[in-house]
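Each chain is listed here by its residues.
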Amino acid sequence: GTAVLNAGQGDHALMLGASLADIDDYESPHGTVPRTGYESDSFIGQYRLRIDPKQQLRVSAQQHRDQDVWYPGSTRPHASNPASRSTITHSPEQTRQLLELGYNRQGSGNLPINVDARIYRQQMERQIYAWANWLERDISTNDVTFRTDGIDAKADWLAHPQHLLSFGINAWEMTGNPDRWLASPPTFNNYVSNNPFQHARIKAIGAYLQDDMHFNQLNLLAGLRYDTVKSTAESMNNGARTSGLDGKDDAFSGSLGAIYEAAPLLRPYASYARAFRAPGMRERYESGPRGDGYYYAGSPEVEAEHADQFELGVKGGNQRVSHQISAYYNRIENFLTGQILSGPAAIAACGAANAGNCKKNVNLGSVTIKGIEGNARWQVVPGHWLNAGFSTLRGQNNDLDEPLFQMPADELSLGWEG
């Protein structure tokens, strides 16, 4: 069930909403699929105060909770006896809370600058447990809270009829502190602490400037952004390592695009974009067993990914016909991925006990992704439309000279609407 309330009077407006769900196990042709149901509830609210015709204040809150969630696809053999023993991942409870205070101003007259700013706190709490099917109890528990405090401020300014400027700043800080316990074999009755990392922190700040330019039939869009991301942790690998855990990444990124309207059905365009992604908390610091069956060694030394993408295309449309086709090329440098280790390297990274199933996050040299996609829609007679679309992607891991992992299949769709 879901309910939403909107109310307002004068300069005050209020929105409240709630959604509750109790989902049963799935029914398949072979009967009930166990452990596929769960409970969920969500609440949302926002109060707005109109200061004057141009300015508003807002206070927002959100909360979402899932309970008793099982992941049947995570079932896998247990290392102690793969023939008859298995584990499954489940989450007794996971929640997300968001609180926000915001301000908005609509410009006009001699100062046509629109401004929006907000400060927020988001907190996510997750319980990820491993259930031993032969014992019918948990042999691993992991309770973790990720808290993020941030501020966003942005503005757009019609500096000239041909130039719409946008600029802003984003800053946030995230903290994480997992509490993991593992039951010791062979009886799995004694639980010992095995924290992948402790008191990790990431601080990020970014600023951007963009100009949306219009010159008759030619539109240009140019943007530039700068980011710096710092990370640290008190310890990793259950306290075994306490030094060399600081990391810093910074980069300029941006984009440049152009589209020319030669005719309503012929609008060629081209764009170039450069992107930046700093390693996340788990990619840098998490040490210990993961859901893919491998023991991961922490990698505080990994660096940020950088990507360059080029795209060429053409699109157009009128009341009866619309179409678009594009081709693009994406190259990612310092690609982050889990690398399987063996021999002395595995012993050094994961220890002798885990050398047989050892992985470590590393920066590969580069990967490339090439693709082409298109779609078209045609009104054959009033009230009846034919449509078609296709997409094909190819990815290459240049370091390992093999296809890139998890690329989607080719797609072709044909349809009619009437």
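In this text the structure is predicted, and so the values were computed from the model without any measurement.

Asker: Hey, could you go over the overall build of the protein for me, with residue numbers and the actual values?
Answerer: Counting its secondary structure elements, the protein contains two helices and 29 strands. Overall, the C-alpha framework of the protein stretches about 75 × 55 × 55 Å when taken along its three principal axes. For the protein, the residues scored as buried account for 32% of the 418 residues in total. Expressed as a percentage of contacts within the protein between residues at least 6 apart in sequence, the contacts between residues at least 24 apart total 59%. Entry remark: accessible area of the protein is about 24,000 Å², with carbon and sulfur atoms responsible for 56%. Counting 37 positive and 46 negative side-chain charges, the protein places the centres of these two groups 3 Å from one another.

Asker: So what's going on with the side chain of aspartate 152? Residues and values would help.
Answerer: As for its placement among the helices and strands, aspartate 152 is situated in strand 10 (residues 137–160). At 3.2 Å, the side chain of aspartate 152 forms a polar contact with the side chain of asparagine 170. Apart from the residues lying within four places of it in its own chain, the contact partners of aspartate 152 are Asp116, Ala117, Arg118, Tyr120, Ile169, Asn170 and Ala171.

Asker: Tell me about the sheet that holds strand 24 (residues 336–341), and name the residues and values.
Answerer: One open sheet holds the four strands; their spatial order is 20-21-25-24, and the pairing between them is mixed. Edge positions in the open sheet fall to strand 20 (288–289) and strand 24, since each of these has one partner strand only. Of the pairings in the sheet, the one linking strand 21 (residues 295–297) to strand 25 (residues 358–363) comprises three bridges and is parallel in character. Bridge pairing in strand 25 places alanine 297 opposite lysine 360. Taken strand by strand, helix 2 (residues 343–350) contacts strand 21, strand 24 and strand 25, and its axis lies near 90° from that of strand 25.

Asker: Explain the packing of aromatic side chains residue by residue, including any values.
Answerer: Under the defined criterion, the tally for this structure stands at five aromatic pairs. Relative to tyrosine 285, the ring of phenylalanine 197 has its centre 6.4 Å away and its plane inclined at 55°; by these criteria the two rings are tilted. With phenylalanine 197 in strand 14 (residues 197–198) and tyrosine 285 in helix 1 (residues 281–285), this pair connects stretches of sequence that are 88 residues apart. Classification of phenylalanine 197 by relative accessible area gives buried; the value is 2%. Residue tyrosine 285 is classed as buried on the basis of its relative accessible area, which comes to 1%. Geometry around tyrosine 120 places arginine 118 over its ring, the cationic atom sitting 4.3 Å from the centre.

Asker: Requested: an account of the side chain of serine 287, with residues and values cited.
Answerer: Of note, serine 287 is situated in the loop between helix 1 and strand 20. Engagement of the side chain of serine 287 in a polar contact is seen with the backbone nitrogen of glycine 298, the distance being 3.0 Å. Those residues within four positions of serine 287 in sequence are excluded, and the remaining contacts are Arg180, Asn194, Pro196, Met236, Asn237, Tyr296, Ala297 and Gly298.

Asker: Please set out the pairing of strand 29 (residues 411–417) residue by residue, giving values where relevant.
Answerer: With respect to burial, strand 29 is a largely exposed element, only zero of its seven residues being buried. Relative to strand 29, strand 27 (residues 384–397) is paired through seven bridges, and the arrangement is antiparallel. Looking at the pairing, leucine 386 lines up with tryptophan 416 of strand 29.

What counts and how
- Residues numbered from 1 in each chain as written.
- Predicted model: local features only at pLDDT ≥ 70, side-chain atom pairs only at ≥ 80, totals over all residues.
- Heavy atoms only, no water.
- Helix = DSSP H or I, 4+ residues; strand = E, 2+ residues; numbered from the N terminus.
- Buried < 20%, exposed > 50% of the residue type's maximum accessible area, 1.4 Å probe, protein only.
- Contact = heavy atoms within 4.5 Å.
- Areas by Shrake-Rupley, 256 points an atom, 1.4 Å probe, with all protein chains shown as cover.
- Lys, Arg positive; Asp, Glu negative; His and termini not counted.
- Charge placed at Lys NZ, Arg CZ, Asp CG, Glu CD.
- Polar contact = N/O pair within 3.5 Å; in protein donor to acceptor, adjacent residues only side chain to side chain.
- Pairing = 2+ DSSP bridges.
- Axes fitted to C-alpha atoms, helices over the stretch in contact; angles between N-to-C directions.
- Phe/Tyr/Trp six-rings, centres within 6.5 Å; stacked < 30°, edge-to-face > 60°.
- Lys NZ or Arg CZ within 6 Å of the ring centre and 35° of its normal.

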